[in-house]
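# Report on the structure
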Number of protein chains: 2
Amino acid sequence: MFIERLTIIGVGLIGGSLACALRKQGVCGEVVGCGRNIENLQRGVDLGVIDRYDTDPARAVTGADVVVIAVPLGGFAGVFQAIRDAVNPSVILTDVGSAKGSVVNDAKQHLSPALYSRFVPAHPIAGTEKSGVAAAFAELFVKRKIILTPHEQTDADACDYISTLWQYTGAEVVTLSVEHHDRVLAATSHLPHVLAYNLVNTLAQMDEQADVFQFAAGGFRDFTRIASSDPTMWHDICLANREAILAILARYQQHLNELSHAIKTGQSETILTAFKQAKNTRDAFFG
Amino acid sequence: MFIERLTIIGVGLIGGSLACALRKQGVCGEVVGCGRNIENLQRGVDLGVIDRYDTDPARAVTGADVVVIAVPLGGFAGVFQAIRDAVNPSVILTDVGSAKGSVVNDAKQHLSPALYSRFVPAHPIAGTEKSGVAAAFAELFVKRKIILTPHEQTDADACDYISTLWQYTGAEVVTLSVEHHDRVLAATSHLPHVLAYNLVNTLAQMDEQADVFQFAAGGFRDFTRIASSDPTMWHDICLANREAILAILARYQQHLNELSHAIKTGQSETILTAFKQAKNTRDAFFG
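The paragraphs below set out a description of the structure included in this document. A quick note: this is a predicted structure, and the numbers were derived from the prediction, not measured. (Residues numbered from 1 in each chain as written. Chains lettered and ligands numbered in written order. Predicted model: local features only at pLDDT ≥ 70, side-chain atom pairs only at ≥ 80, totals over all residues. Heavy atoms only, no water.)

## Some details on the overall build of chain A
When its secondary structure is counted, chain A shows 13 helices and 9 strands. The C-alpha atoms of chain A give a radius of gyration of 21 Å, which matches the 19 Å a tight globule of 287 residues would have. For the C-alpha atoms alone, the extent of chain A along its principal axes is close to 65 × 40 × 35 Å. Looking at the 287 residues of chain A, the share that counts as buried comes to 59%. Taking the contacts inside chain A whose residues are at least 6 apart along the sequence as the reference set, 74% of them involve residues at least 24 apart. In the form shown here, chain A has an accessible surface area of approximately 11,100 Å², with 47% of it arising from carbon and sulfur atoms. (Helix = DSSP H or I, 4+ residues; strand = E, 2+ residues; numbered from the N terminus. Rg over C-alpha atoms; globule rule 2.2 N^0.38 Å. Buried < 20%, exposed > 50% of the residue type's maximum accessible area, 1.4 Å probe, protein only. Contact = heavy atoms within 4.5 Å. Areas by Shrake-Rupley, 256 points an atom, 1.4 Å probe, with all protein chains shown as cover.)

Laid out in structure tokens, this is it:
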């Protein structure tokens, strides 16, 4: 068996779907869940996503070959502290956090050098706006990209092992540096979430609030879908990847000021060129 | 027959779909198309969306009971001038423009008082990011809202007639004032398009441009879908509904500055509250 015992700390959409995918491939023996919400954990057992659970991280990781940390980014330091003396010396640690710099810093600070070298930071580019184990499904990662961001001390064998683990889910595994990952994801994922949350709040404070949403069309529904994402998770991402997010947000605001000025002063060519460039760029990637 | 002869000026997604829907219901005789792009018009004939076409608006509207103007907003003044002396005295004029203030102004300026009173401004809240007659389909308006914005001189019978026309397509017809419509649509449709175009352009100018789009996930794809919309149409909307768009854009920018400041200074509660409010608002409307 590729994994005899897998412990998932944070049994939500991502952690739960990973467990489902590995079990479906028959490469995983026992799956132990860990979390704070007993109702969610029990639902995980009822749905067959996990075999059993323990709310204590130290007990949950005992005897595990692989531990996947799938909690919001603000919870990593506490998890590392709670498990570092309870894991097997041969354990491989990995995670699914949406920002990697903060996770690697937490790991470096709270794990022993030996354990730190067996920590393989990873980020599956997959998900929906839904959360909780009830939303988990085995096919979530099929043909999706998984970004591994090994740090300077990551053991090569541990990295290969986690790469193989993700390939079992049907995903495509790629490797980026921590800093590169955080800049790219700030742009394509973190910034859009901030913009979508901000749009919904701006509209909610209009006098015409009720009408505003009543007359919203499909475009608005799609545009704001990510504003239904888990607030705690995205709060944590905003703080964990603060610098990269603020950098791209500042550029976005500068561009928006320029576009706003062009609309105000009726600069037809500027507006039309901007919209054409955007359409061409997007069509080229998502045609 | 409810309509003996219908002329559609601008045979694209909206105009074409309206013709399809009315023909499918068997309430429309001949459909005459008018536009500048002969290839598109011929495709409309080949697809059975229109029966024939004429690139000259005055000839195209001759003998029509109903004329639907479905061109970009910048084209309305020219269309009104071209058709005003060629239409039947009993004709009913309507349109499908995304902003109503500019359209009503153009109509008032360029039509005779008698014809102006037979102009019923309308806006179907439907569409996709696709354009052109090939994208047209009869079911586009089913269960969608059609907003009529009669002006101070609109004839009540003409308004009832256009309301009935849209009900044949399966749509729900509602009435708003011109100003109210333009404020609401600026918020739910025009602003999101500006933001989506702006996001794609901001990312396209990053050093990591290629990677940025390569690692974009489903959320980004949905968020930017509207950036694939027709640039000329949206350029025209930005200028036609300039004041309402700039007003809501300014509020959006102010909110974004506050949120950016909260992220910069690590105001956890402010960020979390903002995201929770946005999620609750959106879930309440689209849950």
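From this point on, the discussion continues.
## Observations regarding the sheet that holds strand 8 (residues 145-148) of chain A
Residues and elements named next belong to chain A. Strand order across the open sheet formed by 3 strands is 7-8-9, with mixed pairing between neighbours. Each having just a single partner strand, strand 7 (122-124) and strand 9 (172-175) make up the two edges of the open sheet. This sheet shows a mean twist of 20° between the axes of neighbouring strands, independent of strand direction. By the bridge criterion, 4 bridges tie strand 8 to strand 9 in an arrangement that is parallel. Bridge assignment links Leu 148 to a residue of strand 9, and that residue is Thr 175. (Pairing = 2+ DSSP bridges. Axes fitted to C-alpha atoms, helices over the stretch in contact; angles between N-to-C directions.)

## Quick look at the relation of the copies chain B and chain A
For the pair chain B and chain A, the best superposition has an RMSD of 0.0 Å and corresponds to a rotation of 180° with a translation of 0.0 Å parallel to the axis. In the structure described here, the two chain copies are related by an operation that fits a two-fold rotation axis. Measuring from the rotation axis to each C-alpha of chain B, the shortest distance belongs to B:Phe223, at 2.1 Å. A shared binding surface is used by both copies, with 100% of the interface residues of chain B retained as interface residues in chain A. (Least-squares fit on C-alpha atoms with pLDDT ≥ 70 in both.)

## Re the pattern of salt bridges
Using the criterion set out here, one finds 22 salt bridges over all chains in the structure. Linking A:Asp54 and A:Arg59 is a salt bridge whose minimum nitrogen-to-oxygen distance equals 3.0 Å. Classification of A:Arg59 as exposed rests on a relative accessible area of 52%. Residue B:Arg5 is joined to B:Glu30 by a salt bridge in which the shortest nitrogen-to-oxygen separation is 2.8 Å. With B:Arg5 in strand 1 (residues 3-9) and B:Glu30 in strand 2 (residues 28-34), this residue pair connects regions lying 25 residues apart in the sequence. On the basis of relative accessibility, which here comes to 25%, the residue B:Arg5 falls in the partly exposed class. (Salt bridge = Lys/Arg side-chain N within 4 Å of Asp/Glu carboxyl O.)

## As for the packing of helix 12 (residues 242-264) of chain A against helix 13 (residues 268-286) of chain A
Residues and elements named next belong to chain A. Between helix 12 and helix 13, the shortest axis-to-axis distance is 8 Å and the interhelical angle comes to 135°. Relative to helix 13, the element helix 12 lies oblique. On helix 13, the residues touching Leu 259, Ala 262 and Ile 263 of helix 12 are Thr 270, Ile 271, Ala 274 and Phe 275. For the contact of helix 12 with helix 13, the per-class residue count stands at 6 nonpolar, 1 polar and no charged. (Parallel < 35°, antiparallel > 145°, perpendicular 65-115°, else oblique. Nonpolar A, V, L, I, M, F, W, Y, C, P; charged D, E, K, R; others polar.)

## Brief notes about the interface of chain B and chain A
It is common to give the size of an interface as the accessible area lost on bringing the parts into contact. Taken together, the contact between chain B and chain A spans 83 residues of the former and 83 residues of the latter. Each partner contributes to the roughly 8,300 Å² buried at the junction of chain B and chain A, and carbon and sulfur atoms together form 67% of this total. Of all residues in chain B, B:Phe215, B:Phe223 and B:Arg282 bury the most surface against chain A, accounting for 9% of the area lost on that side. By residue number, the principal contributor to the side of chain B that touches chain A is helix 8 (residues 178-204) of chain B, which donates 18 residues. (Buried area = accessible area lost by both parts, 1.4 Å probe.)

## Looking at the packing of aromatic side chains
Under the definition given, this model contains 19 aromatic pairs over all chains. Aromatic pair A:Phe2 and A:Tyr161: ring centres 4.4 Å apart, planes at 10°, arrangement stacked. In this pair, A:Phe2 sits in the segment before strand 1 (3-9) while A:Tyr161 sits in helix 7 (residues 156-167), placing the two residues 159 residues apart along the sequence. Looking at A:Phe2, the relative accessible area reads 24%, which means it is partly exposed. An aromatic cluster is defined as three or more aromatic residues linked by ring pairs; in this entry it consists of A:Phe213, A:Phe220, B:Phe285 and B:Phe286. (Phe/Tyr/Trp six-rings, centres within 6.5 Å; stacked < 30°, edge-to-face > 60°.)

## Some words on the sheet that holds strand 5 (residues 92-95) of chain A
Across a sheet, paired strands are connected by hydrogen bonds in the backbone, their directions being either parallel or antiparallel. Residue and element names in this part refer to chain A. The strand order 3-2-1-4-5-6 describes an open sheet built from 6 strands, whose pairing is parallel. The sheet is open, and its two borders are formed by strand 3 (52-53) and strand 6 (119-120), each paired with just one other strand. In this structure, strand 5 lies alongside strand 6, joined through 2 bridges in parallel fashion. Looking across to strand 6, one finds that Leu 93 is bridged to Phe 119. Across the face of the sheet, helix 4 (residues 76-83) comes into contact with strand 1, strand 4 (66-69), strand 5 and strand 6 while running at roughly 155° to strand 4.

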